Amino acid sequence: ADEVTVVRALRELPPARDGSLGAASPLARLLYAELLQRRVGAEAARAFLGAVSPEASGGDGLIQRVDRRLQARLGTPRAVH
């Protein structure tokens, strides 16, 4: 059921005006990496996050909590600002 919901949500996204997607928000990147870690594995999540600098949380407690949870699952320290 989870996969069906994701596919439906992606199909319902409105098309981008210029045909391209904008950059994902910091929270979206972290949540997608977490999904990859659960569905595919830690290596896939690390590859997705790549060498990109840690996401700036802007003091957002939710982003900080998700980042800490992901750090624990991946075993990689990431400093969120």
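Residues numbered from 1 in each chain as written. Predicted model: local features only at pLDDT ≥ 70, side-chain atom pairs only at ≥ 80, totals over all residues. Heavy atoms only, no water.

Q: Is there a simple way to think about the overall build of the protein chain in this case?
A: When its secondary structure is counted, the protein chain shows four helices and zero strands. Of the regular secondary structure in the protein chain, the N- to C-terminal order runs α-α-α-α. When burial is assessed residue by residue, the protein chain has 22% of its 81 residues classed as buried. A separation threshold of at least 6 residues defines the contact pool for the protein chain, and within that pool the share at least 24 residues apart is 61%. Of the roughly 5,800 Å² of accessible surface on the protein chain, 57% is carried by carbon and sulfur atoms. (Helix = DSSP H or I, 4+ residues; strand = E, 2+ residues; numbered from the N terminus. Buried < 20%, exposed > 50% of the residue type's maximum accessible area, 1.4 Å probe, protein only. Contact = heavy atoms within 4.5 Å. Areas by Shrake-Rupley, 256 points an atom, 1.4 Å probe, with all protein chains shown as cover.)

Q: Looking at this model, I keep getting lost on the environment of Arg29. Mind explaining?
A: Secondary-structure assignment places Arg29 in helix H2 (residues 26–39). Residues Arg29 and Ala45 lie 16 residues apart in sequence; the distance between their C-alpha atoms is 10.0 Å.

Q: Looking at this structure, I do not really get the packing of aromatic side chains. What am I missing?
A: How two aromatic rings sit relative to each other is set out by the distance from centre to centre and by the angle between their planes. A complete count under the given rule lists one aromatic pair for this structure. Aromatic pair Tyr32 and Phe48: ring centres 5.0 Å apart, planes at 65 degrees, arrangement edge-to-face. Separated by 16 residues along the polypeptide, Tyr32 in helix H2 and Phe48 in helix H3 (residues 42–49) bring together distant segments of the chain. A relative accessible area of 32% places Phe48 in the partly exposed class. (Phe/Tyr/Trp six-rings, centres within 6.5 Å; stacked < 30°, edge-to-face > 60°.)

Q: Is there a simple way to think about the nonpolar core in this case?
A: Looking at soluble globular proteins, one finds that nonpolar side chains tend to be buried together. Formed by Leu30, Ala33, Leu36, Ala45, Leu49, Ile63, Val66, Leu70 and Leu74, the largest nonpolar core amounts to nine residues. For this core, the elements supplying multiple residues, two or more each, are H2, H3 and helix H4 (61–74). The element that contributes the greatest number of residues to this core is H4, accounting for four residues. (Core = buried A, V, L, I, M, F, W, Y, C linked by side-chain atoms within 4.5 Å.)

Q: What is the right way to look at the packing of H2 against H3 in this model?
A: Packed helices, taken two at a time, are described by the angle between their axes plus the distance between the axes. Interaxial distance between H2 and H3 falls to 7 Å at its minimum, and their mutual angle equals 155 degrees. Judged on the interaxial angle alone, H3 and H2 are roughly antiparallel. H2 and H3 meet at a crossing whose hand is right-handed. In this structure, H2 uses Arg29, Tyr32, Ala33, Leu36 and Gln37 to contact H3, whose residues at the interface are Ala42, Ala44, Ala45, Phe48 and Leu49. Looking at the contact of H2 with H3 residue by residue, the class counts come to eight nonpolar, one polar and one charged. (Axes fitted to C-alpha atoms, helices over the stretch in contact; angles between N-to-C directions. Parallel < 35°, antiparallel > 145°, perpendicular 65-115°, else oblique. Left-handed = near helix turned anticlockwise from the far one by under 90°. Nonpolar A, V, L, I, M, F, W, Y, C, P; charged D, E, K, R; others polar.)

These results come straight from atomic positions and should not be treated as a statement about function.
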